[in-house]
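A structural walkthrough
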Amino acid sequence: MTTMTLAKALNAGLRKAMEDDDKVVIMGEDVGTLGGVFRITDGLQKDFGDARVIDTPLAESGIVGTAVGLAMRGYRPVVEIQFDGFVYPAYDQIVCQVAKLHFRSQGRVRIPMVIRIPFGGGIGAVEHHSESPEAQFVHTPGLKVVACSNPADAYVMIQQAIHADDPVVFLEPKRLYHSAKADVDESAPAAPLWQSRVVRPGSDATLVAYGPTVSTCLDAATVAAEEGRSLEVIDLRTLSPLDLVPVHESVRRTGRLVVVHEAHVTLGVGAEIAARVTEECFHSLEAPVLRVGGFDTPYPPARIEEAFLPDLDRVLDAVDRTFGF
Amino acid sequence: MTTMTLAKALNAGLRKAMEDDDKVVIMGEDVGTLGGVFRITDGLQKDFGDARVIDTPLAESGIVGTAVGLAMRGYRPVVEIQFDGFVYPAYDQIVCQVAKLHFRSQGRVRIPMVIRIPFGGGIGAVEHHSESPEAQFVHTPGLKVVACSNPADAYVMIQQAIHADDPVVFLEPKRLYHSAKADVDESAPAAPLWQSRVVRPGSDATLVAYGPTVSTCLDAATVAAEEGRSLEVIDLRTLSPLDLVPVHESVRRTGRLVVVHEAHVTLGVGAEIAARVTEECFHSLEAPVLRVGGFDTPYPPARIEEAFLPDLDRVLDAVDRTFGF
Amino acid sequence: MTDPVFGPAPERAPDPELVQLLTPEGERVHHPGFDADFSAEQLRGFYRDMVLVRRLDIEATALQRHGELGLWAQLLGQEAAQIGAGRALAPQDYVFPTYREHGVAWCRGVDPVRLLALFRGVDQGSWDPAEHNFGLYTIVIGAQTLHATGYAMGVQRDGLVGTGDPERDTAVVAHFGDGASSQGDVNEAFVFAASFNAPVVFFCQNNQWAISEPFERQSRIPLYRRSHGFGFPGIRVDGNDVLATYAVTKAALQRAREGQGPILIEAYTYRMGAHTTTDDPTRYRLSDDVEHWKLKDPIARLEVYLRRNGLADDDFLAEVAAEADALGERMRRECHALPDPSPHDLWDLVHAEKTAELAAQQAEYDAHAASFEEVS
Amino acid sequence: MTDPVFGPAPERAPDPELVQLLTPEGERVHHPGFDADFSAEQLRGFYRDMVLVRRLDIEATALQRHGELGLWAQLLGQEAAQIGAGRALAPQDYVFPTYREHGVAWCRGVDPVRLLALFRGVDQGSWDPAEHNFGLYTIVIGAQTLHATGYAMGVQRDGLVGTGDPERDTAVVAHFGDGASSQGDVNEAFVFAASFNAPVVFFCQNNQWAISEPFERQSRIPLYRRSHGFGFPGIRVDGNDVLATYAVTKAALQRAREGQGPILIEAYTYRMGAHTTTDDPTRYRLSDDVEHWKLKDPIARLEVYLRRNGLADDDFLAEVAAEADALGERMRRECHALPDPSPHDLWDLVHAEKTAELAAQQAEYDAHAASFEEVS
Ligand SMILES: Cc1ncc(C[n+]2csc(CCOP(=O)(O)OP(=O)(O)O)c2C)c(N)n1
Ligand SMILES: Cc1ncc(C[n+]2csc(CCOP(=O)(O)OP(=O)(O)O)c2C)c(N)n1
Ligand SMILES: [Mg+2]
Ligand SMILES: [Mg+2]
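From a predicted model like this one, the values you see are computed outputs, not experimental measurements. Here the residue numbers are simple positions, counted from 1 along each chain's written sequence. Whichever chain is written first is A, and whichever ligand is written first is 1; the rest continue in order. Reporting in this predicted model follows two pLDDT cut-offs: at least 70 for local features of residues, and 80 or more for side-chain atom pairs to be given and counted; totals over whole chains, interfaces and linings ignore these cut-offs and use all residues. Side-chain measures here rest on the full set of heavy atoms in the structure, leaving out hydrogens and waters.

**Examining the site of ligand 2**
Around ligand 2, the structure places 20 residues, and the nearest of them are Glu60(A), Tyr99(D), Arg100(D), Ile139(D) and Gly179(D). Proximity is defined per residue: if any heavy atom of the residue lies within 4 Å of a molecule or strand, that residue is considered near it. Among the chains of the assembly, those with residues near ligand 2 are chains A and D. At 2.8 Å from an oxygen atom of ligand 2 is found a side-chain nitrogen or oxygen belonging to Asp178(D). Residues adjacent in sequence count toward polar contacts only when both atoms are side-chain atoms; beyond that, a polar contact is any pair of N or O atoms within 3.5 Å, and within protein one must be able to donate a hydrogen and the other to accept it. Within the side chain of His275(D), an N or O atom sits 3.4 Å from an oxygen atom of ligand 2. Classes in brief: Ala, Val, Leu, Ile, Met, Phe, Trp, Tyr, Cys and Pro nonpolar; Asp, Glu, Lys and Arg charged; the others, Gly included, polar. Split by residue class, the shell around ligand 2 holds ten nonpolar, six polar and four charged.

Have a look at this one:
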């Protein structure tokens, strides 16, 4: 049991995965000597060499495309995209190649690739450094998509993602990298990667979140509790596949659901959850599923990003509204 | 009034737009001498010259990226992406540049670009030629997205899109290019571009579609009518902004809604419509909004694409299910 | 780094020069860098390959005309480029093709019927890449050049470059077209290959056309010089000359296997047919051009050479012709017999580990399909 | 096509040669291709520009340290490259910068406070590109090179190339870094520029580093030769020599304006500071290296030259220093005074024509915000 930040937990998880399987290679911009701009790969090139921790030329399509080739040769590439907003040059390789090779080849070709993306806002950055591109990957068959929200999960989930034989887009809430500290028990039994989890039980309404908004929702639940309202909070963890079993179970009890993410509301993951939960729990719902997310504008300049991002007030406001129907 | 195919209507619309404004330029692969692989730009290079109808090198990012520069110089580029599946190399330019320049510049830079994409399946093609990538553009603030479904709309909408000062992703149902024939009245007053339209009134349930699935839904309504069920069919026409006014109005009457598109169900446009309509018409809905779409698998080999695509049976089946709640 | 075979470093490269060992008239010429001796058997082998591959192509085109295939991408005119490139491979080498590499597929032992299945719309490629060391056809132009480069980086990590053991040292080939050379991916592949000195041979068939666009739209200098800007050699070979293509590719592969890094080969050839069966080249090119290139036919020149030098007699030619007939007959027969896939299987193919989500959608589909079977 | 200024065609380009007119020691040297005469006023102007721009950079760095900016991308060491490039422009020329072109912005008359606003997080660029013929900073590396190429294609269509009228003929500059040279977009820009012979000058500041990655990761040959693979000339200039950078850029722009097409300039320089204020270069590079480059300082060498030749006296230098102090003071003052944007405006900025959808979301936000104002 060690107390560590999310960044350190990911670093430890990557290290463990590299020790366990020498086919694991890390690729990306500045991941080697520097250890990544967020230091997630700190020390790995020193310990595993530059054949396994590869500083690549500055071309995201090139990184993902060559990782495909390495995967076809039996390697398990873990690709770092430096910031969410820089994944788009690699989009074609991800959507048309990474996602489709298994299907195209009828399972003969496997692409056990992990694409790590530091995502989300709240770090006061310039443009393209605060995006939440997950919906686009969830919409793409052939990809799996997960998001961690705390150090303990991060440590385990990154290893599970690397171990998976399918390509996984691995979303890391960058604003928590160096702030979220928690105990990580390296020997604890791991929860399955493809499962959501109730992180705070409650009975009046349900909040669903993932990545950086899990803590927002937990805060909201604390405040609501003071006001006598009991909110259940679910950390999705896996976005594709979506594990809505605990959500359905919860909504059948609470009758009210609010989904919270930083991605733009329109066609964010919340839209899919709203559609599915409504279909599944139609007669249990006391109110429509409401969504709190980034507005349908480009990500704004940093000085007003807090207004753009879902916060405690907007979450509680949405909860209130579900009681108004 | 002339009877023409969808392909000819687009060709006529493009020609008209080029005559009206000499800043309109057409760019793409094979759009010049060949007139495009679907002949949508047939004859335009001959008549307007190769400075205005530009056969480009084979690089989609290059096409869209140089079109951005042309737009900044005062031109109105109309870019052809040869097939839906080939838009992804240009994704970064579309999402990070085309969509954001107006916002980034606080309105000082306008990108009046049209990105034409022949989309959807049903033509028996090989991989990447039958995709429906629209949801990803709808999720991107800064883009507008429309889809035509018939020759008369196509003729008008392409001109309106070119005339608009914002970037427009213009989706063309390629399987209807040479099959859908209809009267086009070049002098008829044009409906606003950003409006959906009821294309068949009905009272028992509502079908919402766009592009190629409009005709599927009209067929379904015909069959349902024979069975004594009256279905209202709405052609969305505009996906971003979404004009749900007629949908809300309709659902308040019918209490039942099925959304039909070829895109994958998960996080397809139907998810957003389900979420919004449920929020807006919660107490009018007799059943959850149901969605019929492409499955959540990659687009399959042509010999089984008909099973993958929404058809009359799956639409009617979904309608039946809305009566089962 | 002056290379004994490919000549001086890029910046001092000589003027464009087409490596040629067999002229269009069937005359054997010599080249200082690539003078190989070919055995009679080898030459007859090239001839047989080219004739069979041309037949394969003609047969598939006919099958498309008869509605048996949705599409076919013809290789007519590019037989020498593909057989030369394909026969130069060692078994352990790995090839990343485009959608037109039927001749290379042939050399790698992929059954032509597998190609038909893809273009019929039965599947998206049903050979086992690992069995043939031949990847699936890639339709997004240029994407596979990065896969090839990454695969070659894997070969390096496996320690299979420069060991000196000809059975183990491995090279990778990335095929692409003149049009594809404009794609970012291809140029990024050049960057990565140079940066990591990866054992990859970039093999560009410059068939002069990218659908309707002439090569000049993509580059104003000969394409083989593109690599000079990235710091590795490029060379232009007569792609209608199977001997030259073979010799140049073989040397390039050897160089890569030895650890000397990437190289670009521009096989200068011509797309004699349409882009695909849906294309109509009369809309954009002169038949004069096509006639001109007919005189450079890759098979005819080798046939002249074989006959003139007594390396092949009528019997041999008749034998090959009969073999071609048999191949055509088998392709027709087996194409008709190709079973359609079952929609039920779609959900099994998405992932290595099927998700509950997809299993549910599959069950829903099965129930829906069953309801129809009951009805009918 | 032998070019009188840039020398023979790419394939016969001479060995790497750094165009230099002023040595690190402040000695004026001569170059056959680029021998320009500089007036005393011009030289003092360069000096003043560089000093002020360096101060701008130091001031902004300090403001970041004091928490006034979220980030700053330093140009320290690249003053000559940027002032040389910026001062070579004609008013009608158009520039597409990266995120580090503060010196070029200066030459284009963009108020440094506008740069602070961007890095403070107040906006994403608030100068009017059309007013300054200077685009907004582009953060996605390489993307702007395509915009520049397209813009240049627009200039061609406007008939403003090769008219012979120096007030009208127009060129476009695309700035990018050594790291960006690996991006597909940059290479596609080369393809398009060559294919359409667009009047664009690609200006690469090779500052040896892409964050922590040394230039050698991107290319194993000098970068100016990249363009040779695309069929247009490339040239390497001493980017710490403002005279040479100015002369080479001026000639390149003139060449483009005349209709001779694209060209690549590699300004060979060094990033003396961190990548940005969040970077820690001690993790990846030796201070020896930095010390070595300190001896090549672009300002010091010009100062030596000016003094030694009696072109500037103490008064002039004091004047410039005072001007720099005033600039610094103004930047601090105006940075503090920059007003935060209003979230309400977000929805007005998305489109030229605001949609009903966005108006509704804006109204919802306003109501939500108002509910809080009532409370407080
Ligand atoms: C990214 C992408 N864009 C467009 C296409 C459509 N397309 C298919 S083949 C082709 C021409 C390719 O020309 P070339 O690379 O010369 O190869 P060739 O067909 O001549 O063998 C085009 C534009 C595609 N397959 N992929
Ligand atoms: C597409 C993309 N990928 C990654 C980044 C992150 N990033 C910002 S600057 C930079 C290094 C760029 O180096 P170079 O092009 O040499 O320019 P320099 O910073 O040295 O001026 C990187 C990797 C980015 N901005 N855009
Ligand atoms: Mg070609
Ligand atoms: Mg740099």
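**Details of the interface of chain C and chain D**
Contacts between the two partners involve 26 residues from chain C and, on the opposite side, 26 residues from chain D. Buried area: the accessible area, evaluated with a 1.4 Å probe, that two parts lose upon being put together, summed over both parts. Taking both partners together, chain C and chain D bury about 2,400 Å²; carbon and sulfur atoms supply 44% of that area. Throughout this description, the term salt bridge denotes a Lys or Arg side-chain nitrogen within 4 Å of a carboxyl oxygen of Asp or Glu. Run the count over chain C and chain D and you get zero salt bridges. Joining chain C to chain D, the criterion identifies twelve residue pairs in polar contact (both at pLDDT 80 or more). Its residues assigned to classes, the side of chain C that touches chain D comprises eight nonpolar, ten polar and eight charged. Contact definition: two residues touch when any of their heavy atoms are within 4.5 Å.

**Some thoughts on the packing of aromatic side chains**
Aromatic contacts are taken between Phe, Tyr and Trp rings whose centres are within 6.5 Å, Trp giving its six-membered ring; a plane angle under 30 degrees counts as stacked, one over 60 as edge-to-face, and the others as tilted. Applying the stated rule across the entire model yields 68 aromatic pairs over all chains. Clustering of aromatic rings is evident, with ring pairs tying together Phe176(C), Phe190(C), Phe202(C), Phe230(C), Phe232(C), Phe176(D), Phe190(D), Phe202(D), Phe230(D) and Phe232(D). Any Lys NZ or Arg CZ found within 6 Å of a ring centre and within 35 degrees of that ring's normal is scored as a charge over the ring. The ring of Tyr75(A) has Lys23(A) sitting right over it, with the charged end atom 4.4 Å from the ring centre. Sitting over the face of the ring of Phe323(B), Arg229(B) holds its NZ or CZ atom 3.9 Å from the ring centroid.

**Observations regarding the sheet that holds strand 11 (residues 231-235) of chain B**
Residues and elements named next belong to chain B. A strand pair is defined by DSSP finding two or more bridges across the two strands. A run of H or I in DSSP becomes a helix once it reaches four residues, and a run of E becomes a strand once it reaches two; helices and strands are each numbered from the N terminus. As summarised here, the arrangement of the five strands in space is 9-11-10-13-14, forming an open sheet in which the pairing is mixed. Of all strands in the sheet, those bounded by a partner on one side alone are strand 9 (197-200) and strand 14 (290-294). When the angles between neighbouring strand axes are averaged without regard to direction, this sheet yields 30 degrees. In this structure, strand 10 (residues 205-209) lies alongside strand 11, joined through five bridges in parallel fashion. Looking at strand 11, one finds that Leu 207 is bridged to Val 233. Note on geometry: axes are C-alpha line fits, over the in-contact stretch for helices, and angles between N-to-C directions span 0 to 180 degrees. Along the sheet, helix 8 (residues 213-226) contacts strand 9, strand 10, strand 11 and strand 13 (257-264); its crossing angle with strand 11, the most-contacted strand, is approximately 170 degrees.

**Let's talk about the interface of chain B and chain A**
Each side of the interface is counted separately: chain B has 49 residues, and chain A has 49 residues. Buried area between chain B and chain A, summed over both chains or domains, comes out near 4,300 Å², and the portion from carbon and sulfur atoms is 65%. Among the ionic pairs, Glu131(A) bridges to Lys100(B), the shortest N-O distance being 3.0 Å. The tally of links from chain B across to chain A stands at 18 residue pairs in polar contact (both at pLDDT 80 or more). Every element with two or more residues in the side of chain B that touches chain A is listed here: helix 4 (91-98), helix 5 (101-104), helix 6 (134-138), strand 13, helix 10 (269-280) and strand 14 of chain B. Per element, the largest residue contribution to the side of chain B that touches chain A is eight residues, and it comes from helix 10 of chain B.

**Notes on the domain arrangement of chain C**
Residue ranges assigned to the domains are those given by an automatic or database domain assignment. Under the domain assignment, chain C is made up of domain 1 (14-336) and domain 2 (343-375). One C-alpha centre belongs to domain 1 of chain C, the other to domain 2 of chain C; they are set 40 Å apart.

**Some details on unusual backbone geometry**
Here Ser240(A) and Pro241(A) are connected by a cis peptide whose omega angle stands at 0 degrees. Looking at where Pro241(A) falls in the secondary structure, it is placed in the loop between strand 12 (238-240) and helix 9 (245-254). With a phi close to 75 degrees, His128(B) is a non-glycine residue in the positive phi region. Looking at the element boundaries, His128(B) is found in the loop between strand 5 (114-119) and helix 6. In this structure His128(B) comes out as buried when scored by relative accessible area, which is 2%. Partly exposed describes any residue whose relative accessible area lies between the buried limit of under 20% and the exposed limit of over 50%, with all areas from a 1.4 Å probe on protein chains only and scaled to the type maximum.

**Examining the packing of helix 1 (residues 6-20) of chain B against helix 7 (residues 151-163) of chain B**
Residue and element names in this part refer to chain B. Running from amino to carboxyl end, helix 1 crosses helix 7 at an angle of 30 degrees, the nearest separation of the two axes being 8 Å. Between helix 1 and helix 7, the interaxial angle falls into the category roughly parallel. Remark: the crossing between helix 1 and helix 7 carries right-handed chirality. Here Leu 6, Ala 9, Leu 10, Ala 12, Gly 13, Leu 14, Lys 16, Ala 17 and Asp 20 of helix 1 come into contact with helix 7, specifically with Pro 151, Ala 154, Tyr 155, Ile 158, Gln 159 and Ile 162. Taken together, the residues of the contact of helix 1 with helix 7 sort by class into eleven nonpolar, two polar and two charged. An angle below 35 degrees is read as roughly parallel, one above 145 as roughly antiparallel, one from 65 to 115 as roughly perpendicular, and any other as oblique. In this scheme the handedness of a crossing depends on how the near helix is turned from the far one: anticlockwise by less than a right angle means left-handed, clockwise means right-handed.

**Some thoughts on the domain arrangement of chain A**
Residue and element names in this part refer to chain A. Entries for chain A in the domain assignment read domain 1 (2-184) and domain 2 (197-322). Centre-to-centre separation of domain 1 and domain 2, based on C-alpha positions: 26 Å. Tallying the contact residues gives 27 residues for domain 1 and 21 residues for domain 2. Taking both sides of the interface into account, the surface hidden between domain 1 and domain 2 amounts to around 1,800 Å²; carbon and sulfur atoms contribute 52%. The interface formed by domain 1 and domain 2 includes three salt bridges. The tally of links from domain 1 across to domain 2 stands at 13 residue pairs in polar contact (both at pLDDT 80 or more). Looking at the side of domain 1 that touches domain 2, the elements that each hand over two or more residues are helix 6 (134-138), strand 6 (144-147), helix 7 (151-163) and strand 7 (168-173). Among the elements that line the side of domain 1 that touches domain 2, the one with the most residues is strand 6, at four residues.

**Observations regarding the coordination of the magnesium ion (ligand 3)**
Where a metal carries four tetrahedral donors, each ideal angle is 109.5 degrees; where it carries six octahedral donors, the ideal angles are 90 or 180 degrees. Residues and elements named next belong to chain C. Asp 178 (OD), Asn 207 (OD1) and Trp 209 (O) make up the full set of protein donors to the magnesium ion (ligand 3), lying at 2.1 Å. Donors, by definition, are the N, O and S atoms found within 2.8 Å of a metal, the threshold being 3.2 Å for Na, K and Ca, and water is not counted, so a site can look incomplete. Of note, the donors binding the magnesium ion (ligand 3) are all from one chain and are spaced D-x28-N-x1-W. Highlighted residues: Asp 178 in the loop between strand 3 (172-177) and helix 7 (184-196) and Trp 209 in strand 5 (residues 209-210), separated in sequence by 31 residues. Exposure class is identical for Asp 178 and Trp 209. Each is buried.

**Focus: the side chain of Gln160(B)**
All names here are of chain B. Residue placement: Gln 160 occurs in helix 7. On the basis of relative accessible area, Gln 160 is assigned to the buried category, the value being 18%. Within the structure, the side chain of Gln 160 is placed 2.7 Å from the backbone oxygen of Ala 191, a separation counted as a polar contact. Leave out the neighbours within four places in its chain, and Gln 160 touches Ala 190, Ala 191, Pro 192 and Leu 193.

**Things to note about the relation of the copies chain B and chain A**
The transform that puts chain B on chain A rotates by 180 degrees and translates by 0.0 Å along the axis, for an RMSD of 0.0 Å. Taken together, the rotation and translation describe the operation of a two-fold axis. The overlap is high: 100% of the interface residues of chain B also sit at the interface in chain A, so the same surface is used on both sides. The copies were overlaid by least squares, fitting only the C-alpha atoms of residues that reach a pLDDT of 70 or more in each copy.

**Things to note about the pattern of salt bridges**
Pairing between side chains becomes possible if they bear opposite charge and their charged atoms approach one another. Under the counting rule described, the total for this entry stands at 94 salt bridges over all chains. Here Arg197(A) makes a salt bridge to Asp153(A), at a shortest N to O gap of 3.0 Å. Within this pair, whereas Arg197(A) is found in strand 9 (residues 197-200), its partner Asp153(A) is found in helix 7, the two being separated by 44 residues in sequence. A residue is classified by how much of its surface remains accessible, and Arg197(A), at 28% relative accessible area, is partly exposed. Through salt bridges with shared partners, one network takes in Glu272(A), Arg276(A), Arg291(B) and Glu357(C).

**A short note on the sheet that holds strand 2 (residues 24-28) of chain A**
Residue and element names in this part refer to chain A. Taken in spatial order, the seven strands make up an open sheet running 3-2-4-5-7-6-12, and their pairing is mixed. This sheet does not close on itself; its edge strands, each paired only once, are strand 3 (53-55) and strand 12. Taking each pair of neighbouring strands and ignoring which way they run, the sheet shows an average axis angle of 20 degrees. Along the sheet face, helix 7 touches strand 2, strand 4 (76-80), strand 5 (114-119), strand 6 and strand 7 and points at about 165 degrees away from the line of strand 7.

**Structural notes on helix 7 of chain C**
All names here are of chain C. Take the number of residues in a helix, subtract one, and multiply by 1.5 Å to get its expected span. Between its terminal C-alpha atoms helix 7 stretches 18 Å, which fits the 18 Å expected from 13 residues at 1.5 Å a residue. For helix 7, a buried count of 13 out of 13 residues is recorded, marking the element as mostly surrounded by other parts of the structure. Of the residues flanking the end of helix 7, it is Asn 197, one or two places downstream, whose phi is positive at about 50 degrees.

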